[in-house]
Amino acid sequence: MTLRVLSIASEAVPLIKTGGLADVAGALPDAVAPHGVAMTTILPGYPAVTKALGKAKAIHQWDSLLGEPARLLAGKLGSHPLLVVDSPNLFSRDGGPYADLAGRDWGDNWRRFAAFGRAAADVAGGAVKGLVFDLAHAHDWQAAMAPAYMRFAPAGTAIPSVMTIHNMAFQGYYGADIFALLGLPSWAWAIDGVEYHGGVGFLKAGLESASAITTVSPTYAREIRDPAFGMGLEGLITTKGDRVHGIVNGIDPAVWNPETDQHLLQTYSWRSLARRAANKRALEREFHLEQGDGPLFVCVTRLTWQKGIDVLLEVIDHLVGLGGRLALLGAGDPALEAGLHAAAARHPGRVSLRIGYDEALSHRMQGGGDAILVPSRFEPCGLTQLYGLAYGCVPVVAHTGGLADTVVDANLAAINGQAATGVTFHGVTYPSFAAAITRTIALYGQCDVWTQMQRTGMKTDFSWKRSGQAYAALYRQLAGAE
Ligand code: ADP
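First things first, this report covers the structure right here in the doc.

Cut-offs used in this document
Residues numbered from 1 in each chain as written. Predicted model: local features only at pLDDT ≥ 70, side-chain atom pairs only at ≥ 80, totals over all residues. Heavy atoms only, no water. Near = heavy atom within 4 Å. Polar contact = N/O pair within 3.5 Å; in protein donor to acceptor, adjacent residues only side chain to side chain. Areas by Shrake-Rupley, 256 points an atom, 1.4 Å probe, with all protein chains shown as cover. Helix = DSSP H or I, 4+ residues; strand = E, 2+ residues; numbered from the N terminus. Nonpolar A, V, L, I, M, F, W, Y, C, P; charged D, E, K, R; others polar. Domains from an automatic or database assignment. Buried < 20%, exposed > 50% of the residue type's maximum accessible area, 1.4 Å probe, protein only. Phe/Tyr/Trp six-rings, centres within 6.5 Å; stacked < 30°, edge-to-face > 60°. Lys NZ or Arg CZ within 6 Å of the ring centre and 35° of its normal. Pairing = 2+ DSSP bridges. Contact = heavy atoms within 4.5 Å. Axes fitted to C-alpha atoms, helices over the stretch in contact; angles between N-to-C directions. Core = buried A, V, L, I, M, F, W, Y, C linked by side-chain atoms within 4.5 Å.

A few points about the site of the ligand
- Not every one of the 18 residues close to the ligand is listed here, only the nearest: Gly-20, Arg-302, Lys-307, Gly-356 and Leu-383.
- At 3.0 Å, a side-chain N or O of Lys-17 approaches an oxygen atom of the ligand.
- At 2.8 Å from a nitrogen atom of the ligand is found a main-chain nitrogen or oxygen belonging to Gly-356.
- For the ligand, the accessible surface in isolation is 560 Å², of which the surrounding protein chains cover 92%.
- Elements with a minimum of two residues in the shell around the ligand: helix 1 (20-32), strand 13 (296-303), strand 14 (325-332) and helix 15 (384-391).
- At three residues, the largest contribution of residues to the shell around the ligand is made by strand 13.
- Of the residues contributing to the shell around the ligand, the split by class is five nonpolar, seven polar and six charged.
- Formed jointly, the shell around the ligand draws a minimum of three residues from each of two domains, domain 1 (3-250 + 465-479) and domain 2 (270-460).

Here it is in structure tokens:
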């Protein structure tokens, strides 16, 4: 029996992306399709999304979705069905999905994403003629009110739901005053409802309401039981016990494959690694770095505390002192940007950066860099290390979350067993990160070992096959369709 699943997300490639969530939401329909799941995705109608839809058909309408009129448009996400909540007052704005052009969060995000959740819950509950679903799958706080609205709907919505945490750091927490405006029954204001520390917690409400919780790696699923990672929700996660699953994200080999990547000057495989040299030269030119055979480190990241960029700033001199060079692509915190500019000015030809978001350049960096740095303080799954593995750009990662689950540290046993794929370090501090850089540069000097690490990483299967199967199995179990 084909299972009909409604995937509720605030971004999905190729239509709108600010981070890994978009990669996952965009890839999921294809990933679960071979396992008997027909997935429909529902997105908010940001300008980029409604523009891509063109003259789409409105299949439903709301006179008032938390006070705003809205229509439901039907289109396609790749070859899969897409639904779009078109409410211009809520979603049709210049700027990003969550923030204005100056980077300030929209002041009415609570209303925008409560309305989105409400609309998705209505669709999941059968409000639209001809649309029937067996299960709803909500991603992150922006979609988290959907399971809550489903649970607190007057008649109750019979279908089960899954709530996936892509990043516990973003929870959608608002003041108690919004509760009266959410259109929920008064009994939803409860410790096992939407109430959270005296306010309204969107992610909390979703986690309390969903039939199952997933997060994007087994290690992160364990870590969020700890206050250092659970960010206040560790107690809730611990109580949910075995209803919390960790399923690692996959990568889409149609997009991330060095054998076919159109962004690369030279495509290559694990059999023809020598061809990477041309990409390295091109990258050096592109970043105005000195040409050389020494290790070229790359970093593609949001510039935030989570990503450990402040500690990266501290180790740059050490990296350069050992003969390394660094090319960084990122955007975010202005103070971190300023620190990076200062480092580049200190080390002309050795450290160079591009501030901004550039998908094509990120491919060229994976295809030409020797090693990719991912010093995250926490990392639910992480994608850049997976791309690095697939491209022979050896990941140097903090031992946390999905980074710990996907990179095999080059200790002696792993090197001898030809299992090593990268370098991991414990604790995002100057001494541990600097030691990891020293170790990486030493490994780079041992040509055979380095090539073996690249090959092992490139041959590892990080496609969606296994994860697609795991999601499908969970859906079936919850829908009682085993
Ligand atoms: P997060 O979602 O926390 O930002 P992930 O590693 O899960 O981190 O996903 C980040 C995604 O965004 C990857 O696909 C990465 O290549 C991409 N990315 C991040 N910053 C940039 C940038 N400045 N330019 C291009 N791509 C970027």
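More follows now that the structure is in view.
Quick word on the environment of Pro-81
- Along the chain, the position of Pro-81 falls in strand 5 (residues 80-86).
- Taking relative accessible area as the criterion, Pro-81 reaches 36% and is therefore assigned partly exposed.
- When the C-alpha atoms of Pro-81 and Ala-153 are compared, they prove to be 25 Å apart, with 72 residues separating the residues in sequence.

Some points on the packing of aromatic side chains
- Tallying each qualifying case throughout the model produces 15 aromatic pairs.
- Between the aromatic rings of Phe-91 and Phe-113, the centroid separation amounts to 6.3 Å while the plane-to-plane angle is 55°, which identifies the pairing as tilted. Of this pair, Phe-91 sits in helix 3 (residues 88-91) while Phe-113 sits in helix 4 (residues 109-124), placing them 22 residues apart in sequence. Taken as a pair, Phe-91 and Phe-113 share a single burial class, namely buried.
- An aromatic cluster is present here, built from Tyr-46, Phe-91, Tyr-98, Phe-113, Trp-141, Tyr-174 and Phe-202 joined pairwise through their rings.
- Residue placement shows Arg-93 over the ring face of Trp-106; its charged tip is 4.9 Å from the ring centre.
- The residue whose ring lies beneath Lys-459 is Trp-270, and the NZ or CZ to ring-centre distance is 4.1 Å.

Focus: the sheet that holds strand 9 (residues 195-196)
- Taking strand neighbours across the sheet as the criterion, the three strands line up as 8-10-9 in an open arrangement whose pairing is antiparallel. Both edges of this open sheet fall to strand 8 (173-174) and strand 9, since each of them pairs with a single strand only.
- Of the pairings in the sheet, the one linking strand 8 to strand 10 (residues 199-201) comprises two bridges and is antiparallel in character. By the bridge assignment for strand 10, Tyr-174 is matched with Val-200.
- Contacting strand 8, strand 9 and strand 10, helix 7 (residues 202-209) runs over the sheet at an angle of about 60° to strand 10.

Overview of helix 14 (residues 359-368)
- For helix 14, the buried fraction is high: seven of the 10 residues fall into the buried class.
- Buried within helix 14 are the following residues: Leu-361, Ser-362, His-363, Met-365, Gln-366, Gly-367 and Gly-368.
- Considering only its buried residues, helix 14 is in contact with helix 11 (276-286), strand 13, strand 14, strand 15 (351-355), strand 16 (371-374) and helix 15.
- By the N-cap criterion, in which a side-chain oxygen at the helix start approaches the backbone nitrogen of a residue two or three places on, helix 14 is capped by Asp-358, the distance to Ala-360 being 3.3 Å.

What about the environment of Tyr-357?
- For Tyr-357, the position within the fold is in the loop between strand 15 and helix 14.
- When its relative accessible area of 56% is taken as the criterion, Tyr-357 is described as exposed.
- The sequence separation of Tyr-357 and Thr-18 amounts to 339 residues, and the corresponding C-alpha distance is 9.2 Å.
- A distance of 3.5 Å separates the side chain of Tyr-357 from the side chain of Lys-17, its partner in a polar contact.
- There is a polar contact of 3.4 Å between the side chain of Tyr-357 and the side chain of Glu-359.

Points about the nonpolar core
- Among the nonpolar cores identified, the biggest contains 79 residues, and Ile-8, Ile-42, Val-123, Leu-182 and Phe-202 are the most heavily contacted of them.
- If one sorts the elements of this core by residue count, helix 4 sits on top with 10 residues.
- The contacts of Val-123, once residues within four sequence positions are left out, are Leu-6, Ile-42, Trp-62, Leu-72, Leu-83, Val-128, Leu-131 and Phe-133.
- Counting 39 residues, the second largest nonpolar core, distinct from the first, contains Leu-303, Val-428, Tyr-444 and Met-453.

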